[in-house]
Amino acid sequence: MNAIEARSLTKRFGTFTAVNDVSLSVREGEIYGFLGPNGAGKTTTIRLLTNVLTPDAGSVHINGIDIFRRPLDAKMHIGVIPESSTIYGDLSPEQNLHLSGKMYGMPRAQRAERADKILSQLDLEEHRHRYPPIFFPNR
Ligand SMILES: Nc1ncnc2c1ncn2[C@@H]1O[C@H](COP(=O)(O)OP(=O)(O)OP(=O)(O)O)[C@@H](O)[C@H]1O
Ligand SMILES: [Mg+2]
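About the thresholds
Residues numbered from 1 in each chain as written. Chains lettered and ligands numbered in written order. Predicted model: local features only at pLDDT ≥ 70, side-chain atom pairs only at ≥ 80, totals over all residues. Heavy atoms only, no water. Helix = DSSP H or I, 4+ residues; strand = E, 2+ residues; numbered from the N terminus. Rg over C-alpha atoms; globule rule 2.2 N^0.38 Å. Near = heavy atom within 4 Å. Polar contact = N/O pair within 3.5 Å; in protein donor to acceptor, adjacent residues only side chain to side chain. Areas by Shrake-Rupley, 256 points an atom, 1.4 Å probe, with all protein chains shown as cover. Nonpolar A, V, L, I, M, F, W, Y, C, P; charged D, E, K, R; others polar. Salt bridge = Lys/Arg side-chain N within 4 Å of Asp/Glu carboxyl O. Buried < 20%, exposed > 50% of the residue type's maximum accessible area, 1.4 Å probe, protein only. Contact = heavy atoms within 4.5 Å. Pairing = 2+ DSSP bridges. Axes fitted to C-alpha atoms, helices over the stretch in contact; angles between N-to-C directions.

(A) Local environment of the overall build of the protein chain. In terms of regular secondary structure, the protein chain is built from four helices and four strands. Beginning at the N terminus, the succession of helices and strands in the protein chain can be written as β-β-α-β-β-α-α-α. A globule of 139 residues ought to have a C-alpha radius of gyration of about 14 Å, yet the protein chain, at 18 Å, is considerably larger. Principal-axis analysis of the C-alpha atoms places the extent of the protein chain at approximately 50 × 35 × 25 Å.

(B) Highlighting the site of ligand 1. Surveying the vicinity of ligand 1 reveals the residues Phe13, Phe16, Ala18, Pro37, Asn38, Gly39, Ala40, Gly41, Lys42, Thr43 and Thr44. One of the side-chain nitrogen or oxygen atoms of Asn38 is found 3.1 Å away from an oxygen atom of ligand 1. Ala40 is positioned such that a nitrogen or oxygen atom in its backbone is 3.2 Å from an oxygen atom of ligand 1. Taking 640 Å² as the accessible area of ligand 1 by itself, protein coverage stands at 58%. With three residues, the single largest contributor to the shell around ligand 1 is helix 1 (residues 42–49). Looking at the shell around ligand 1 residue by residue, the classes come out as five nonpolar, five polar and one charged.

(C) View of the pattern of salt bridges. Scanning the model with the defined rule gives five salt bridges in all. Among the salt bridges present, the one from Asp73 reaches Arg70, with a minimum N-O distance of 3.0 Å. Accessibility expressed as a relative area gives 36% for Asp73, which makes it partly exposed. Taking the relative accessible area as the measure of exposure, Arg70 reaches 42% and is therefore partly exposed. We note a salt bridge from Glu94 to Arg128, for which the minimum N-O separation is 2.7 Å.

(D) Up close: the side chain of Thr10. The topology assignment puts Thr10 in strand 1 (residues 4–13). With a relative accessible area of 9%, Thr10 lands in the buried category. Apart from residues no more than four positions distant in its own chain, Thr10 is found in contact with Thr17, Val19, Asn20, Asp21, Pro55, Asp56 and Ala57.

(E) Layout of the environment of Tyr32. Inspection of the secondary structure assignment puts Tyr32 in the loop between strand 2 (16–26) and helix 1. Since its relative accessible area comes to 38%, Tyr32 is described here as partly exposed. For the pair formed by Tyr32 and Ile46, sequence separation is 14 residues and the distance between their alpha carbons is 12 Å. Setting aside chain neighbours within four positions, we find Tyr32 in contact with Leu24, Ser25 and Val26.

(F) Focus on the sheet that holds strand 4 (residues 65–66). Ordered in space as 2-1-3-4, the four strands form an open sheet in which the pairing is antiparallel. Every interior strand has two partners, whereas the edge strands, strand 2 and strand 4, have only one. Judged from the seven bridges that link them, strand 1 and strand 2 form a sheet pairing that is antiparallel. Each residue of the ladder has a partner; that of Glu5, found in strand 2, is Ser25. Lying on the sheet, helix 1 is in contact with strand 1, strand 2 and strand 3 (57–62); it crosses strand 1 at an angle near 120 degrees.

Structure below.
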């Protein structure tokens, strides 16, 4: 079973076809590069793979789960870093980690343990309560 299995994905915006019959398979543990010129449909494809958009045709299975029929189950197997920053500027690093864990239904004790581990791995323990967590030059 593949981690990602997309078959014949097609997405139209009005009469414009942004994604035309795209199929791809990604195995568990595989690093997959998805390249193409500007406007090729990469971002639209990722939005289809993650159920942000619904395709006009085709299917997506995440670890064998149909993302259009069982979106919540499939999303529990997905982590996405989109094109812009994914951390919340009004939460500390530790609060950001707890929020992510909570969204995946992780119990508090396990969240605390994982947050400690990640902060340690990233050498960010001394910044765990820092607010804002990063410098936002546009604020
Ligand atoms: N919501 C939308 N409504 C109308 N057209 C759209 C929409 N989203 C994307 N498109 C069009 O679909 C095509 C594919 O866009 P997409 O953003 O997927 O390309 P991309 O490969 O990610 O490009 P880039 O390399 O510039 O990020 C483009 O022509 C874009 O203008
Ligand atoms: Mg893009």
